[in-house]
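Each chain, letter by letter, is given below.
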Amino acid sequence: MVPPGIARQFGGELEQRLVALRRAIHANPELSFRETETAGRLDVALEGFGVADRRRVADTAIVARVPGRRSGGPVVAVRGDIDALPIQEATKLAFASTVPGVMHACGHDVHATWAVGAAALLAASPADGDVLIVLQPAEETGKGALAVIESGALDGVVAIFGGHVDRRFEVGQVVADEGPLAASADTFEIEIVGSGAHAARPHESRDPIVAAAAVIAAIQTIVSRRLNPATPGVVTIGTIHAGSAPNVIPERAVLSGTVRAVEPVSRALMLAEVERVAKSVASGYGVEARVTLDMGTPPIVNPTGATAWARKAAESVVGMENVVPLGFLNLAGEDFAHYMERIPGCFLRIGAREPGGPVIPAHAATFYPAEESLFVGAAVLAECARVASAALASGG
Ligand SMILES: [Zn+2]
Ligand SMILES: [Zn+2]
């Protein structure tokens, strides 16, 4: 059932076609960068809605162009991610996954359908300029957005919008907050290299284990002493490996961990401090620390301008009283951040809990977004494109 306020937009067969599309994608989930069948299904759906200009990029991504009311207008984008997770589904839905061990546990089946639904709505009621519909693979591995960007398919796009289903909010509620919305997720490895010896003759060694212990303790001061207490951050050492016998001092110790931040400045500070602290503490112990940083997704910080457009769009679709604050800080990562490093935009949370239903976290085997959220997300994202396009066309 389409929520009453937006039912008018989904007349004819549109409602049934979107429901069928979403259920088919849900029943046939595919892992990151293996979304061949899913992409094919989405391509057919777009064609069925009269979207003729469709490109395959980055193997399993589709970038489709819905023409605006005039050519040469600002080009804005709507993104939906399409990949599933390696989880055995336990929802008991009639259209549950038919693939053992693979499941749409993050709602990307709904996100993909939002983007196609937005395309259908924009084809019927276009924005000022063209709108690119970006069906993006591999969000869960944090690699898909970069692959789409590197394909060049988004060159010239001046604003981008996307969203995530969220069962902490009821269907019909939308979060369009300015400021930090998702955390960065980077990893690091510290290899501490000393020299080995007999455990009874430590003076003949440069012990990497004692140095590793000191490095671990010193790294705890990054959040407590270096990070501005007004902004959250996490540094966790998740692995430590060294040694092979109780009577041997090994030559090396290897630590690895993760850094989370919600602001680019604190992200850069913490990563630089991990490296500086590890190297200087190791040097004090007469060993060498080799630090490798693996940059993951950046944080998402919704900027003022694009967020104002998204709020206006959300208010016109669900009503001002249903545009609600997030109310807590989200430290999960989301690869939409890669677009937002290059293109202004806004990332929304779209309520997906049926009234009275339980809050179920994404990535749980029992997670499902309420089907009605299909229509809210499609309508809000289409309207984001229209509002941004109109504002940009008039120089605002
Ligand atoms: Zn996820
Ligand atoms: Zn997700």
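Located above this text is the structure these notes cover.
**Student:** Where do I start with the overall build of the protein chain in this structure?
**Tutor:** Check the secondary structure of the protein chain and you find nine helices and 15 strands. If you line up the protein chain on its principal axes, its C-alpha atoms span 85 × 50 × 40 Å. When contacts within the protein chain are restricted to residue pairs at least 6 apart in sequence, those whose partners lie at least 24 apart make up 80%. Split by element, the accessible area of the protein chain, about 16,000 Å² in all, is 55% carbon and sulfur. Averaging the coordinates of the 33 positive side-chain charges in the protein chain and doing the same for the 43 negative ones gives two points 2 Å apart.

**Student:** Could you clarify how one ought to interpret the packing of aromatic side chains in this entry?
**Tutor:** Centre-to-centre distance and the angle between the planes together describe a pair of aromatic rings. Counting across every chain of the model gives four aromatic pairs. With 6.3 Å between their ring centres and 20 degrees between their planes, Phe 169 and Phe 328 make a pair best called stacked. Placement of the pair is Phe 169 in strand E5 (residues 157-170) and Phe 328 in the loop between helix H7 (304-318) and helix H8 (337-340), with a sequence separation of 159 residues. Their ring planes at 65 degrees and their centres at 5.5 Å tell us that Phe 336 and Tyr 339 sit as a pair that is edge-to-face. Here the aromatic cluster, defined as three or more aromatic residues joined through ring pairs, consists of Phe 336, Tyr 339 and Phe 347.

**Student:** Which parts of the structure should I look at to understand the pattern of salt bridges?
**Tutor:** It is possible for side chains bearing opposite charge to pair when their charged atoms get close. Counted according to the given criterion, the structure contains 27 salt bridges. A salt bridge links Arg 17 to Glu 13; the nearest nitrogen and oxygen atoms lie 3.8 Å apart. Among the residues examined, Arg 17 registers a relative accessible area of 35% and is labelled partly exposed. Accessibility expressed as a relative area gives 54% for Glu 13, which makes it exposed. Here Glu 383 makes a salt bridge to Arg 386, at a shortest N to O gap of 2.8 Å. Taken as a pair, Glu 383 and Arg 386 lie in helix H9 (residues 373-393) at a separation of three residues, close to a single helical turn. A residue is classified by how much of its surface remains accessible, and Glu 383, at 19% relative accessible area, is buried. Through salt bridges with shared partners, a single ionic network connects Glu 191, Glu 251, Arg 252, Glu 288 and Arg 290.

**Student:** Any chance you could explain the sheet that holds strand E8 (residues 184-193) here in plain terms?
**Tutor:** In any sheet, the strands associate via hydrogen bonds between backbone groups, in a parallel or an antiparallel arrangement. Taken in spatial order, the four strands of this open sheet run E10-E12-E8-E13, and their pairing is antiparallel. Strands with a single pairing partner mark the edges of an open sheet, and in this sheet they are strand E10 (233-242) and strand E13 (288-297). Shown here is a sheet whose adjacent strand axes are inclined to one another by a mean of 15 degrees, direction ignored. In the sheet, E8 pairs with strand E12 (residues 252-261) via ten bridges, with the strands oriented antiparallel. From the neighbouring strand, Glu 189 faces E12, where its bridge partner is Ser 256. Here helix H5 (residues 208-226) sits on the sheet in contact with E8, E10 and E12, set at roughly 170 degrees to E10. Across the sheet, helix H6 (residues 264-284) lies against E8, E10, E12 and E13, angled at about 165 degrees from E13, the strand it touches most.

**Student:** What exactly am I supposed to notice about the coordination of the zinc ion (ligand 1) here?
**Tutor:** Note on metal sites: the ideal angle is 109.5 degrees for four tetrahedral donors, and 90 or 180 degrees for six octahedral donors. The protein atoms donating to the zinc ion (ligand 1) are Cys 106 (SG), Glu 140 (OE), Glu 140 (OE) and His 363 (NE2), with metal-donor distances spanning 2.0 to 2.7 Å. Around the zinc ion (ligand 1) sit four donor atoms; with metal-centred angles ranging over 52 to 149 degrees, the donor geometry is irregular. Positions of the donor residues of the zinc ion (ligand 1), expressed as sequence spacing, correspond to C-x33-E-x222-H. Given the relative accessible area of 7%, Cys 106 is considered buried.

**Student:** Help me out: how do you make sense of the pairing of strand E15 (residues 345-353) in this one?
**Tutor:** Walk down a regular strand and you will see the side chains alternate between the two sheet faces. Counting buried positions over the nine residues of E15 gives nine, a clear majority of the element. In E15, alternate side chains face the same way, and those of Gly 345, Phe 347, Arg 349, Gly 351 and Arg 353 on one face and Cys 346, Leu 348, Ile 350 and Ala 352 on the other are all buried. Pairing of E5 with E15, which is carried by eight bridges, proceeds in the parallel orientation. Following the sheet pairing, Gly 162 is matched in E15 by Phe 347.

The rules behind the values
Residues numbered from 1 in each chain as written. Chains lettered and ligands numbered in written order. Predicted model: local features only at pLDDT ≥ 70, side-chain atom pairs only at ≥ 80, totals over all residues. Heavy atoms only, no water. Helix = DSSP H or I, 4+ residues; strand = E, 2+ residues; numbered from the N terminus. Contact = heavy atoms within 4.5 Å. Areas by Shrake-Rupley, 256 points an atom, 1.4 Å probe, with all protein chains shown as cover. Lys, Arg positive; Asp, Glu negative; His and termini not counted. Charge placed at Lys NZ, Arg CZ, Asp CG, Glu CD. Phe/Tyr/Trp six-rings, centres within 6.5 Å; stacked < 30°, edge-to-face > 60°. Salt bridge = Lys/Arg side-chain N within 4 Å of Asp/Glu carboxyl O. Buried < 20%, exposed > 50% of the residue type's maximum accessible area, 1.4 Å probe, protein only. Pairing = 2+ DSSP bridges. Axes fitted to C-alpha atoms, helices over the stretch in contact; angles between N-to-C directions. Donors = N, O, S within 2.8 Å, 3.2 Å for Na, K, Ca; no water. Tetrahedral: all angles 85-135°; square planar, octahedral: opposite > 155°, others 65-115°.

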